[in-house]
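So the chains spell out like this:
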Amino acid sequence: MFRAGLDLAGSSTARRFLLTFLNVLTGLGLLGLFVVHPQASRAATTPVVKRQPAVAPLAAPATTETSRLAVAPQTTSKPTVPAPPNVHGAVPVGKGMWIWQPDKAEGGNAQAVVAKAQHFGLNYLYVRTGSSVSGFQGGDFLNALLPAAHKAGIRVYGWDFPYLDDIGADVARAAQAARYRTPSGDRIDGFAADIEFRSMGVNLGPDTTGFYGYALRDALGPGFPLIAVVPRPSPRITNYPYESVVKMFDAIAPMIYWLNNDPVTAVQQTWARLAPLGKPLIPVGQAYDGAADGGPPGVPNRGTIHRFMGAVADMGGTSVSFWSWQHATPEVWQAVADAALYQLPAGAPDQIRVDQVRAYQTLLSSLGFGVPATGFWGPQTDAAIRSFQAAAHLPVTGQIDVFTREMLLRPAAPPLK
C-alpha cells in the first residue's frame, strides 16, 4: 500500500488543510502525481543501502519453483487423454473363436455373442465377411457386433474366402470389408484371407497367391493387420506355395485340424515348416466333428483340446483360436476357458509367465513397438513397454500395469492407406 511522503505532524489546521487537499486530488485522479514510494521518503534521511532487485532481470532464468510459476504463461490447452498409439493394428493374441454363419452363433444375437465370448475368456473373434462366390456379406451383423465387442475389449477380424480367379475383385472385396464402418463408427481390427487348396476350387499357385498378397497390402497399406489362413503342413502336402502366400501378411494362422493324428505331432510338424518363414504363428484348432474329413466321429474332448493348446505354447505360439463357434460343444468351451495358457494378466515382470511375456512381446511388435518374442523380460522389452506407454500418454512404469494392459488390448481402428 502506498502513502504520501509528507509530514502531517504539524498543527491541526495544517493537518485539516492537507487532508482536504488530498481528498480533492484523489477525486480528480491526480494523487499519483504527488505520491512517492516509501523508499523515496526515506532517501533524504536514511543511508543508502544497496539491495538486490526484487525481481530478476527478464533475461535471467527463474531460480525457484515459485518464480517459475509466477512468470509461466497461461495456457488453455486440454490435457492429453490416453489412447492407443495408431502406428499399426494388432495381430490376435490370447484366445479366439471363428464365426462362420452368424445365425448359428447365439441365433445371430450380437449381444449374446459378446456376453458368451467374455464369459469364456475370448480376446478376439473371426467373422466371415465374404467370398468370391457370395461377395461382401455380414454388414448387418457387423453393425451390431463391432460396437458391442469393442466396448467389451474384444477385437474382431474379418475373414474371406478368395478363389483367386479374379484377383482384382477379391482385393476390392477385402478392401470393402476393411473400410466398412458401422453406424457407430467401428471398423474391423484386421483381415484374414482363407487360402485353401486347389481341390476346393481355388486358383492356387505361386503367381496368383503372390500377386494377391502384394495387391492386398498395396490396397490397405502397411499398418493394417493381415493374417494368412493356410492348411496345416504335413508330409503329404508338397505343393502348397506357403512362401508366396504368406509373404505380405503379418501373421500365419495354420488350420491345425489333427483328425486321426496326435495334436502334439500336428503342431510340431506345423512349426517345422512354417516357423522359418519368420511370422507369428497363431494356429486354428479343431473344435468340430472331423468324421466328414476322415477323422474319428465326434468333437475333440477336453483333454485333447488342452493337449493342443499346450503343444502350441511349448512351440512358442502366442494365440489359439478354434473352428468354429457353432460346432464347439459345451465341453470345448469350458476347456478353452479353463486353460491357464493364453491369459494376459497385468503384473510386474517377475509375476508374468514365459508364455505371457511372449504374447505381450508379439502384441507390442505388431503395434509398432518391436521386440523379439523370446518370452524373457529384458532391456528390449522394458524399452518397448516404456515407448508404448509414452506414446499412449500413460505413466511410464516399464511394467504391464492395469492401465497398460487395458491399452494394449483395447481395440482401435487400425490405420488404412
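Whatever comes next refers back to the structure up there.
Residues numbered from 1 in each chain as written. Predicted model: local features only at pLDDT ≥ 70, side-chain atom pairs only at ≥ 80, totals over all residues. Heavy atoms only, no water.

(A) The overall build of the protein chain, seen in detail. Secondary structure assignment for the protein chain yields 15 helices and 9 strands. For the protein chain, buried positions account for 45% of its 417 residues. When the accessible surface of the protein chain is summed, it comes to about 20,600 Å², and 58% of that surface belongs to carbon and sulfur atoms. (Helix = DSSP H or I, 4+ residues; strand = E, 2+ residues; numbered from the N terminus. Buried < 20%, exposed > 50% of the residue type's maximum accessible area, 1.4 Å probe, protein only. Areas by Shrake-Rupley, 256 points an atom, 1.4 Å probe, with all protein chains shown as cover.)

(B) Broad picture of the nonpolar core. Ranked by internal contacts, the top residues of the largest apolar core, which has 71 residues, are Leu125, Leu145, Tyr212, Val230, Phe308, Phe322 and Trp325. If sequence neighbours within four positions are ignored, Trp325 has contacts with Met97, Trp98, Ile99, Lys104, Ala105, Glu106, Val113, Lys116, Ala117, Leu122, Leu125 and Trp333. Judged by nonpolar contacts, the second largest core, of 38 residues, contains Trp159, Val371, Ala384 and Leu394. (Core = buried A, V, L, I, M, F, W, Y, C linked by side-chain atoms within 4.5 Å. Contact = heavy atoms within 4.5 Å.)

(C) Representation of helix α15 (residues 402–409) in the model. Thr404, Met407, Leu408 and Leu409 are the residues of α15 that are buried. Those residues of α15 that are buried are in contact with β4 (155–161), α13 (354–366) and α14 (379–391). The opening residue of α15, the one whose side-chain oxygen lies 3.1 Å from the backbone nitrogen of Phe403, is Asp401. (Polar contact = N/O pair within 3.5 Å; in protein donor to acceptor, adjacent residues only side chain to side chain.)

(D) Layout of the environment of Phe120. Its location among the elements puts Phe120 in the loop between α5 (110–119) and β2 (124–131). The exposure class assigned to Phe120 is buried, which follows from its relative accessible area of 14%. Distance from Phe120 to Asp338, taken between C-alpha atoms, is 8.2 Å for residues 218 residues apart in sequence. In this structure, Phe120 is in contact with Trp333, Gln334 and Ala337, ignoring residues within four places of it in sequence.

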